[in-house]
Amino acid sequence: MLRARLFHASAVVAALALAGAAGMVAAQSTPSDTIDTNAPFDASGTYQIDGVMVDVTGPNAEAARYAGWRVAQRKGYQMLAKKMGVGGGVPSDSVLDSMVTAIVVENEQIGPNRYIARLGVQFSRGKIGGILGVGGEGTRSSPMVLIPIQWSGGAGVSFEQKTAWTDAWVRFRAGDSTVDYVRPTGTGPDSLLLNEGQIGRRDRGWWRSVLDQYAASDVLTPVVTLTRQWPGGPVVGVFEARYGADNRLIARFTLRVESEDGLSALLDAGVKRIDTIYQDALKSGTIAYDPSLAYIPPPMPTPTATPEATDTPSDTVITTETPVASGASFTIQFDTPTAASVSSIEASVRGVPGVSGATTTSMAIGGVSVMRLNYNGDPEVLRTSLQSRGFQVGRNGTTLRIRRAEPAPGE
């Protein structure tokens, strides 16, 4: 089973410098043999080159190891330059030290004076971009919220609990991907808004509200179905790359490992292949802008001529309530203790005669959400209609505050 340890550049550079002087200084590293799955995700700030093979010797184990990291930096730079289609020589070690943000240990064997390893090298996108002659950020997709779903034992799980599939996406370094992944942490409302059951929803108003919570414009749903041949035996993973609010299937493939020990490697390989599928789909136009998920502002009310000022009779009652023209927009504030209450209240409001549009623009599960409403008719009739549907209604100009009416005693 592959080990993956992350060494940050500051520790690498310091250790290399000290190793040159003393030859026996150990680098700082994460305390465990695996990357902390609670660590911040790698965003678009790095390029990563994986699978850099090194085999070097030195006067002792530590010196050989540091020499191997030096060689990995040079090889990694050459591999990245080739990938970018750029020629030229390799910068000096001091320049590489300033560009390398981390060394990822995929596998290593340390002997008394020999170091054999497969490493990954992360380069700062901003610092290496100028040398390679490529943009610091490059062309990326619009932000897309990622909802990884794992099926195992007949149960589908997303963020309701921690899974090996979500851990694999945490480990994935998306720095050089053209897909701008928005990866939720699984805390707060994530398990409620982004669970397996919500993927089947097609309501565009719902999806607009959810995507707005994560500052995203669309959704990607990578799915894996794990099947174990027998306890401790081969594990088969069927992977699906799905996309959009309609849960559209782009591609499906199968991977297999011979034992449970290889599950992490299986899922890591699946993540990289799905990322490639998404990048190809983005390039071919299969993944494209979906206008139905864009925020639709309510129509502006039709302007009316301002009547000329006239003398107000002394017995005229002056109201402080703002008159609203027919076809005006209202702001509805409503309590949403659960996700289901959002759809229920939306349906009740849309059923009011004269309502031509109702969209939740701000959702707060367990608090007060906000809806934009377009209504053709008398505002007082709107208030009465809402009350007939079991709401208590308060009004202040174009803002309505509605609550479910409390049942009478004894009911």
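Keep in mind that this is a model prediction, so the values were computed, not measured.

Now for the overall build of the protein chain. If you tally the helices and strands in the protein chain, you get ten helices and 16 strands. By residue count, 45% of the 411 residues in the protein chain fall in the buried class. Taking the contacts inside the protein chain whose residues are at least 6 apart along the sequence as the reference set, 67% of them involve residues at least 24 apart. Carbon together with sulfur atoms contributes 54% to the accessible area of the protein chain, which is approximately 20200 Å² in total.

Low-pLDDT stretches of the model should not have their predicted coordinates read in fine detail. When pLDDT is averaged across the protein chain, the result is 77; 76% of the residues are at 70 or more. For residues 8-44, every residue scores under 50 in pLDDT, and the model assigns this stretch 59 contacts once sequence neighbours within four places are set aside. In the predicted structure, residues 312-326 sits below a pLDDT of 50 and forms twelve contacts with residues beyond four places in sequence or in another chain.

With that settled, the discussion passes to the sheet that holds strand 12 (residues 328-336). Across the sheet, which stays open at both edges, the five strands sit in the order 13-14-12-16-15 with mixed pairing between neighbours. Both outer strands of the open sheet, strand 13 (355-362) and strand 15 (391-396), are each paired with one neighbouring strand and no more. Strand after strand, the sheet turns through a mean of 25 degrees between neighbouring axes, direction not considered. Alignment of strand 12 against strand 14 (residues 367-375), held across nine bridges, turns out to be antiparallel. Considered in strand 14, the bridge of T336 is made with G367. Taken strand by strand, helix 10 (residues 379-388) contacts strand 12, strand 14, strand 15 and strand 16 (399-404), and its axis lies near 155 degrees from that of strand 15.

The subject of this paragraph is the side chain of S141. Checked against the element boundaries, S141 lands in the loop between helix 4 (125-132) and strand 5 (144-146). Within polar-contact distance, the side chain of S141 engages the backbone nitrogen of D180 at 2.9 Å.

Right, let's talk about the nonpolar core for a bit. Core analysis: the biggest nonpolar cluster contains 28 residues, and W165, Y181, L220 and F239 have the highest contact counts within it. At the level of secondary structure, the elements contributing two or more residues to this core comprise strand 5, helix 5 (164-171), strand 9 (218-228), strand 10 (235-243), strand 11 (248-257) and helix 8 (263-284). If one sorts the elements of this core by residue count, helix 8 sits on top with eight residues. Apart from the residues within four sequence positions on either side, Y181 is in contact with M144, L146, W169, F172, A174, L220, D275 and Y278. If you look at the next biggest cluster of nonpolar residues, it comprises 24 residues, including Y47, A64, Y77 and L132.

So, about the packing of helix 5 against helix 8. Two elements in contact, helix 5 and helix 8, have axes whose closest approach is 9 Å; the angle formed by their N-to-C orientations is 60 degrees. What the angle tells us is that helix 5 and helix 8 run oblique. Between helix 5 and helix 8 lies a crossing whose hand is right-handed. On helix 8, the residues that touch A164, W165, A168, W169 and R171 of helix 5 are L263, S264, L267, D268, G270, V271 and I274.

The subject of this paragraph is helix 5. A large share of helix 5 lies buried, amounting to six of its eight residues. Residues of helix 5 that are buried include every one of W165, T166, D167, A168, W169 and V170, and no others. Those residues of helix 5 that are buried lie in contact with strand 5, strand 6 (149-152), strand 8 (181-182), strand 9, strand 10 and helix 8.

Glancing now at the pairing of strand 9. Most of strand 9 is tucked away: eight of the eleven residues are buried. Sheet topology note: the strand 5/strand 9 ladder contains three bridges and is parallel. Looking at strand 9, one finds that M144 is bridged to D218. One ladder, built from four bridges, connects strand 6 with strand 9; its direction is parallel. Across the sheet, residue S152 finds its bridge partner in strand 9, namely L226. Both strand 9 and strand 10 contribute to a ladder of nine bridges, which runs antiparallel. By the bridge assignment for strand 10, T227 is matched with V236.

A few words on the pairing of strand 15. Alternating residues of strand 15 divide into F391, V393 and R395, all buried, and Q392, G394 and N396, none buried. Linkage of strand 15 to strand 16, two consecutive antiparallel strands, is achieved through a turn of two residues, within which G397 is found at a positive phi near 65 degrees.

Those residues of helix 10 that fall on the buried side of the exposure criterion are P379, L382, R383, S385 and L386. Considered in projection along helix 10, the buried side chains sweep an arc of 165 degrees and stay on one side of the axis. In this structure, the buried residues of helix 10 make contact with strand 12, helix 9 (339-350), strand 14, strand 15 and strand 16. After helix 10 finishes, the residue G390 shows a positive phi value of roughly 90 degrees.

The backbone of N247 shows a phi angle near 55 degrees, a positive value even though the residue is not glycine. In this structure, N247 sits in the loop between strand 10 and strand 11. The class for N247 is buried, based on a relative accessible area of 19%.

For the rest of this paragraph, the subject is the pattern of salt bridges. One pass over the structure, following the stated rule, counts 17 salt bridges. With a shortest N-O distance of 3.2 Å, E106 and R118 are connected by a salt bridge. Of this pair, E106 sits in strand 3 (residues 100-110) while R118 sits in strand 4 (residues 114-124); the two residues are twelve residues apart in sequence, bridging distant segments of the chain. Taking the relative accessible area as the measure of exposure, E106 reaches 13% and is therefore buried. Members of the salt-bridge network, linked through shared partners, are R204, D246 and D290.

The rules we used
- Residues numbered from 1 in each chain as written.
- Predicted model: local features only at pLDDT ≥ 70, side-chain atom pairs only at ≥ 80, totals over all residues.
- Heavy atoms only, no water.
- Helix = DSSP H or I, 4+ residues; strand = E, 2+ residues; numbered from the N terminus.
- Buried < 20%, exposed > 50% of the residue type's maximum accessible area, 1.4 Å probe, protein only.
- Contact = heavy atoms within 4.5 Å.
- Areas by Shrake-Rupley, 256 points an atom, 1.4 Å probe, with all protein chains shown as cover.
- pLDDT = per-residue confidence, 0-100.
- Pairing = 2+ DSSP bridges.
- Axes fitted to C-alpha atoms, helices over the stretch in contact; angles between N-to-C directions.
- Polar contact = N/O pair within 3.5 Å; in protein donor to acceptor, adjacent residues only side chain to side chain.
- Core = buried A, V, L, I, M, F, W, Y, C linked by side-chain atoms within 4.5 Å.
- Parallel < 35°, antiparallel > 145°, perpendicular 65-115°, else oblique.
- Left-handed = near helix turned anticlockwise from the far one by under 90°.
- Arc of directions from axis to C-beta.
- Salt bridge = Lys/Arg side-chain N within 4 Å of Asp/Glu carboxyl O.

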